[in-house]
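# Coordinates in review
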Amino acid sequence: MKISLTRCSQLLRTSTTRSLSLSSSSSSSPSLRRFTSSTSTPPPYQPPTIYALGTPPGKAGVAVLRISGPAVPEVYKQMIFRRAQQKSARGIEGVLPSPRKMVLREIRVPETAKEDAGEVIDEGLVVYFPAPNSFTTLPLLELHTHSSLSVLTKVLSALSLIPNCRPAERGEFTRQAFLAGRMDLTEVEGLRDLIDAETEGQRRLARGMVGGHLRARYETLREEIIHAMAISEALIDFGEDDNIGEEVLDDARAEVVKLINKIEGHLNDNRRGEIMRSGVKVSIFGPPNAGKSSLLNHLSQRDAAIVSPVPGTTRDIVTVSLDIAGVKVVLSDTAGLRETEDEVEKIGVERAGQEIASSNLRLLILPLPSLLYPWSTLSSVLPPLILPHITPDTLILLNQSDLIPPTLSRAELEELVSEKMLASGGEVRLPEGVRWWIGSLQTGEGMEDFLEEGVGRFVKERFSSGTSLESPLITNERHRHHLTQALVHLKFFLDQPPSEIIFAAESLRDAANEIGKVSGMSVKVDDVLDRLFGEFCIGK
């Protein structure tokens with residue numbers, strides 16, 4: 001456990017002294033001479049040279065193969081040659097081309113191959129990226145070939161013949177970039193999300209991570225914790241100095257309170273960032289034959305679900321992914337909620353309840369004609385199985401408006417519906433904030449308003465990452481875990497009395513390290529020393 005910066009400095013000096021003593025004694029110890037002798041020095045570590053297809057396999061005009069590692073010059077020497085028409089051009093065969101410049105070359109089987117040695121596999125463009133100015137910071141070569149299965153198989157087979165070359169593992173190019181310091185963990189996660197992005201909202205969120213914006217925000221949090229830690233360390237190590245009194249502890253506590261409020265605000269974001277990545281879960285529910293499957297088909301613009309007048313047709317959950325307002329939406333059609341003796345339908349109803357409960361938005365479909373009978377009430381069209389699932393995050397579509405007699409004007413219809421939906425006197429009441437729309441999935445009447453003013457507006461207000469709403473700080477469960485742990489350490493700091501300042505300061509270090517883990521950074525002694533000497537002018 002770290003006691004203080006003064007003690008830490010003493011330990012560092014002791015460690016250095018011991019290291020020097022060990023080094024000086026190596027000349028007199030035969031066993032140590034074996035490891036310190038220049039003839040026994042192990043060779044420097046050489047990262048592997050890896051290769052992989054950088055574009056999806058399949059029929060296409062061009063495919064890109066990437067080779068990264070110290071064996072790139074050997075790959076070029078054995079496999080890449082100028083065309084016959086280029087022989088008179090300036091340049092030496094086997095010498096890497098100018099960096100970041102595309103050149104047309106023949107790609108051949110290496111001469112060391114047992115079969116087809118020297119055969120031209122294809123003709124394509126070659127680009128060379130020298131170290132450290134490449135994605136992996138290692139020499140990197142890109143081959144742009146025709147994208148046929150036979151060409152790609154032959155090129156990959158030829159690459160396997162080059163010494164010290166092997167196929168890349170999943171994500172290994174990005175791993176090399178991360179280990180070389182080219183990217184931090186948030187940028188790595190952002191790159192993965194950018195590749196997987198299906199909607200504009202997901203693209204914006206991932207692009208901010210790849211661009212380092214998310215890392216900068218976490219780094220700001222980390223620096224604020226280090227600042228509070230520097231104040232506490234100053235009180236420990238220099239408490240007797242006339243210029244530093246115990247009142248500085250109040251400053252540290254005040255900063256920690258602000259940090260706690262800020263982190264709690266991010267943690268209480270309704271998991272907006274995670275939902276934007278995975279998709280907003282929207283469930284369609286209601287009684288049988290209300291039009292749930294028709295709504296799913298209407299939104300997906302295809303016959304994704306079977307539509308039938310027979311009650312209980314939908315028994316399992318049917319799911320489709322949509323892009324609504326630039327946000328990925330995972331839409332689920334559920335079984336009609338009703339009491340039933342059919343064992344299979346019972347299972348469907350149970351699954352429907354679980355799906356609805358886990359949704360971010362709920363779309364309740366009710367038959368409009370059933371609501372307008374003189375004897376009908378809200379409770380008569382809302383069976384007991386449906387009522388528990390109606391929350392403020394529920395949008396109601398009163399379907400089948402095409403079955404209402406044309407003698408009833410639109411204004412009269414809306415007034416009558418409002419009376420029924422807002423009925424009081426001991427009857428069932430809807431939660432405050434629940435909205436409803438009148439429409440027809442058969443004719444399309446009213447559906448544009450329901451989709452734009454209902455579903456679209458809800459998704460935009462809650463999950464859009466446009467310029468009007470700051471991008472969420474937490475984009476996956478890993479970020480949330482580290483922020484939660486940092487919050488625990490910050491609250492521990494506030495709970496400690498002044499007499500336990502050493503333990504309190506250590507908890508701030510733990511909090512800063514938790515924030516640093518999001519991007520892969522940790523707190524070093526120099527981080528605190530810079531704050532100490534920079535802000536308190538110690539060492540005068």
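Up top you'll find the structure we're talking about.
The structure contained in this document is the topic of the report that follows. Predicted, not measured: the structure shown is a model, and the values here were computed from it. (Residues numbered from 1 in each chain as written. Predicted model: local features only at pLDDT ≥ 70, side-chain atom pairs only at ≥ 80, totals over all residues. Heavy atoms only, no water.)

## Digging into the pairing of strand 4 (residues 103-108)
Note on strand geometry: in a regular strand, side chains alternate between the two faces of the sheet. Buried residues dominate strand 4, accounting for 5 of its 6 residues. With 2 bridges joining them, strand 3 (residues 80-81) and strand 4 adopt antiparallel strand pairing. Pairing of Phe81 across the sheet is with Glu106, part of strand 4. Relative to strand 5 (residues 120-129), strand 4 runs antiparallel, the two sharing 6 bridges. Bridge pairing in strand 5 links Glu106 to Glu123. (Buried < 20%, exposed > 50% of the residue type's maximum accessible area, 1.4 Å probe, protein only. Helix = DSSP H or I, 4+ residues; strand = E, 2+ residues; numbered from the N terminus. Pairing = 2+ DSSP bridges.)

## Digging into the sheet that holds strand 11 (residues 361-367)
The sheet built from 6 strands is open, its strands ordered 9-10-8-11-12-13 with mixed pairing. The outermost strands of the open sheet, each flanked by one partner alone, are strand 9 (318-324) and strand 13 (435-438). Taken over all neighbouring pairs, the strand axes of this sheet differ in orientation by 25° on average, direction set aside. Pairing of strand 9 with strand 10 (residues 327-333) involves 7 bridges; the strand directions are antiparallel. From the neighbouring strand, Val318 faces strand 10, where its bridge partner is Asp333. Across the sheet, helix 12 (residues 343-357) touches strand 8 (280-285), strand 10 and strand 11, and the angle it forms with strand 8 is around 140°. (Axes fitted to C-alpha atoms, helices over the stretch in contact; angles between N-to-C directions. Contact = heavy atoms within 4.5 Å.)

## Concerning the packing of aromatic side chains
Applying the stated criterion to the full structure yields 1 aromatic pair. Plain terms: the ring middles of Trp437 and Phe450 are 5.6 Å apart, the flat faces sit at 75° to each other, and that makes the pair edge-to-face. Of this pair, Trp437 sits in strand 13 while Phe450 sits in helix 16 (residues 447-463), placing them 13 residues apart in sequence. For the pair Trp437 and Phe450, one class covers both residues: buried. Here Arg66 stacks its cationic end above the ring of Phe173, 5.0 Å away from the centre of that ring. (Phe/Tyr/Trp six-rings, centres within 6.5 Å; stacked < 30°, edge-to-face > 60°. Lys NZ or Arg CZ within 6 Å of the ring centre and 35° of its normal.)

## Digging into the pattern of salt bridges
One pass over the structure, following the stated rule, counts 22 salt bridges. Its salt-bridge partner being Lys281, residue Glu355 comes within 3.9 Å of it at the nearest N-O pair. One end of the pair, Glu355, is in helix 12; the other, Lys281, is in strand 8, with 74 residues separating them in the sequence. Glu514 is paired through a salt bridge with Lys517; the nearest N and O atoms lie 3.5 Å apart. You can see Glu514 and its partner Lys517 sitting in helix 18 (residues 501-519), 3 residues apart, about one turn around the helix. Given a relative accessible area of 10%, Glu514 falls into the buried group. (Salt bridge = Lys/Arg side-chain N within 4 Å of Asp/Glu carboxyl O.)

## Looking at the nonpolar core
Side chains of nonpolar character tend, in soluble globular proteins, to be buried together. Membership of the largest hydrophobic core comes to 31 residues, with the highest contact counts inside it found for Tyr218, Ile225, Leu483, Leu490 and Leu508. Elements represented by at least two residues in this core include exactly helix 8 (213-238), helix 9 (247-267), helix 17 (477-495) and helix 18. In contact with Tyr218, not counting residues within four places along its chain, are Leu473, Ile474, His479, Leu483, Ile515 and Val518. If you look at the next biggest cluster of nonpolar residues, it comprises 29 residues, including Ile275, Ile284, Leu395 and Val459. (Core = buried A, V, L, I, M, F, W, Y, C linked by side-chain atoms within 4.5 Å.)

## A short note on the packing of helix 17 against helix 18
Closest axis-to-axis distance for the helix 17/helix 18 pair is 8 Å, and the angle between their directions is 170°. Taken as axis vectors, helix 17 and helix 18 run roughly antiparallel relative to one another. Listed contacts from helix 18 to Arg478, His479, His482, Leu483, Gln485, Ala486, His489, Leu490, Phe492 and Phe493 of helix 17 are Phe503, Ala504, Ala505, Ser507, Leu508, Asp510, Ala511, Glu514, Ile515, Lys517 and Val518. For the contact of helix 17 with helix 18, a count of residues per class yields 12 nonpolar, 5 polar and 4 charged. (Parallel < 35°, antiparallel > 145°, perpendicular 65-115°, else oblique. Nonpolar A, V, L, I, M, F, W, Y, C, P; charged D, E, K, R; others polar.)

## A few points about helix 5 (residues 172-179)
Of the residues making up helix 5, those classed as buried are Glu172, Phe173, Thr174, Gln176 and Ala177. Against the buried residues of helix 5 lie strand 1 (49-53), strand 2 (60-68), strand 7 (165-167) and helix 6 (185-196). Where helix 5 ends, the next residue or the one after it, Gly181, has phi of about 85°, a positive value.

## Comments concerning the side chain of Ser440
Assignment of secondary structure puts Ser440 in the loop between strand 13 and helix 16. Residue class for Ser440 comes out buried when judged on its relative accessible area of 0%. Side-chain polar atoms of Ser440 contact the backbone nitrogen of Thr443, separated by 3.2 Å. If we skip the residues at most four places from it in the chain, Ser440 touches Asn399, Gln400, Ser401, Asp402, Glu445 and Met447. (Polar contact = N/O pair within 3.5 Å; in protein donor to acceptor, adjacent residues only side chain to side chain.)

## Details of helix 11 (residues 292-300)
In terms of burial, helix 11 is a largely internal element, 7 of the 9 residues being buried. Regarding helix 11, the residues found buried are Lys292, Ser293, Leu295, Leu296, Asn297, Leu299 and Ser300. Contact partners of the buried residues in helix 11: strand 8, strand 9, strand 10, strand 11 and helix 16. Looking one or two residues beyond helix 11, the residue adopting positive phi is Gln301, at roughly 60°.

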